[in-house]
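A look at the structure
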Amino acid sequence: MSGAAGRRLAQVSKASRSPAVLAYKPRAAFKPPQLESIVSPTKVSRYRRLPLFFGLTTCLFGGFYVVGVYQGYRKDAESALERNVPLDVSDRYQRTAEHYDQDVDWMEWIMGITKLRKQLVEKAHGNVLEVSVGTGRNAPHYPLTKGVKNITMVDQSSEMIRQARTNWPKTCAYFINASFRVQSAADPIPCPSPEGFDTIVQTMGICSTPEPEKVLQNLGSLCKQDTGRILLLEHGRGYYDWLNTLLDNIAPAHADRHGCWFNKDIGEIVERSGLEIVEAKRYHFGTTWWYELKAPKRAPVVAEEVQKKPVDSVQAAVSWWAT
């Protein structure tokens, strides 16, 4: 074999042993887009400023509110020393009835009182009596289509009853078995049934009467034996001494302005009344009291007591639809 032929054979043999050359280049590694390409630096800083702005605003207004509450507390506490407020302050409702709902709406909603009213009143059934009815704030929550036969609403403030009667058809116009009476809850109240009322409701009423035990005892005498229930939602003293001291300091000013002594010991009042406790709950550091009670064993005397009541001492019951 000639020299030239040998060199060609050697080159072919070398080429067959070398790897094949790829005809494409591998794809470059993926790099995620930078934050700057999605959101500009101006927008990022703006997003960071919004929570700070809202936080500072909340702190500012919260500070003003706390200062306002403290100043109001000091003013009421100082003026309480100069006030001679009677135990019976129920006459204050005569002048506050017209704007009462506007005064308490937002506070009751924030504190969850509206929700508690609903949960309490949903237990009502049969012949229902509500005392200290006020402007009728419980009316929208009654299960009127689920077992309530009739409702008797009582308050000793004629202006409050007028508001309750005016508000009733706004939410309960379809239910005509409702009557309104101006009288004290400590007096006998006629019931459609000789056995007594199936359900008696009182919310935020103990604070307004100078004889709370007498009122509860009367409600016990009006309640159906064994199966009847008395439902209470009240505000009073709490769990803690410091909180009760605050309530005591401003209670006279609050009672003089709103007709409510909100520093009463509701638990002690219920115990002295002699009613049997079925269920008890407390909310808001113990200042909101929820009770489901029943009457103690007794002889049925409701009908006789009602017949003995002088006619001219109680305003006759008036239905909301009557002229």
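Please refer to the structure higher up on the page.
Residue numbering note: each chain is counted from 1, following its sequence as written. Local features in this predicted model are restricted to residues whose pLDDT is 70 or higher, and side-chain atom pairs enter the listing and the counts only when it is 80 or higher, whereas totals over whole chains, interfaces and linings include all residues. By convention in this description, side-chain values take in all heavy atoms of the structure and omit both hydrogens and water.

1. Topic: the pairing of strand β1 (residues 126–131)
For each residue, the accessible area found with a 1.4 Å probe, counting protein chains only, is set against the maximum for its type, and the residue is called buried under 20%, exposed over 50%, and partly exposed in between. Numbering of helices and strands runs from the N terminus; a helix is a DSSP stretch of H or I covering at least four residues, while a strand is a stretch of E covering at least two. Across the six residues that make up β1, a large majority, six, are buried. Strands are labelled as partners when DSSP assigns at least two bridges between them. Here six bridges tie β1 to strand β2 (residues 148–155), and the two strands are oriented parallel to one another. Across the sheet, the residue bridging to Val128 is Ile151, located in β2. Where β1 lies against strand β4 (residues 199–203), four bridges are found, and the strand directions are parallel. Pairing of Glu130 across the sheet is with Val201, part of β4.

2. Quick word on the pairing of β4
Buried residues dominate β4, accounting for five of its five residues. With burial as the criterion, each face of β4 is covered, one bearing Thr199, Val201 and Thr203 and the other bearing Ile200 and Gln202. As defined by bridge partners, β4 adjoins strand β5 (residues 229–235) across five bridges and the pair is classed as parallel. Residue pairing across strands places Gln202 opposite Leu232, the latter belonging to β5.

3. Remarks on the pattern of salt bridges
Between Lys or Arg on one side and Asp or Glu on the other, a salt bridge is scored when a side-chain nitrogen of the former is within 4 Å of a carboxyl oxygen of the latter. One pass over the structure, following the stated rule, counts 18 salt bridges. The partner of Asp101 in a salt bridge is Arg137, and the shortest N-O contact between them spans 2.8 Å. Of the two residues, Asp101 sits in helix α4 (residues 100–111) while Arg137 sits in the loop between β1 and β2, which places them 36 residues apart along the sequence. For the pair shown, Asp101 and Arg137 are each scored as buried. Sharing partners across several salt bridges, the network here consists of Asp101, Asp105, Glu108, Arg117 and Arg137.

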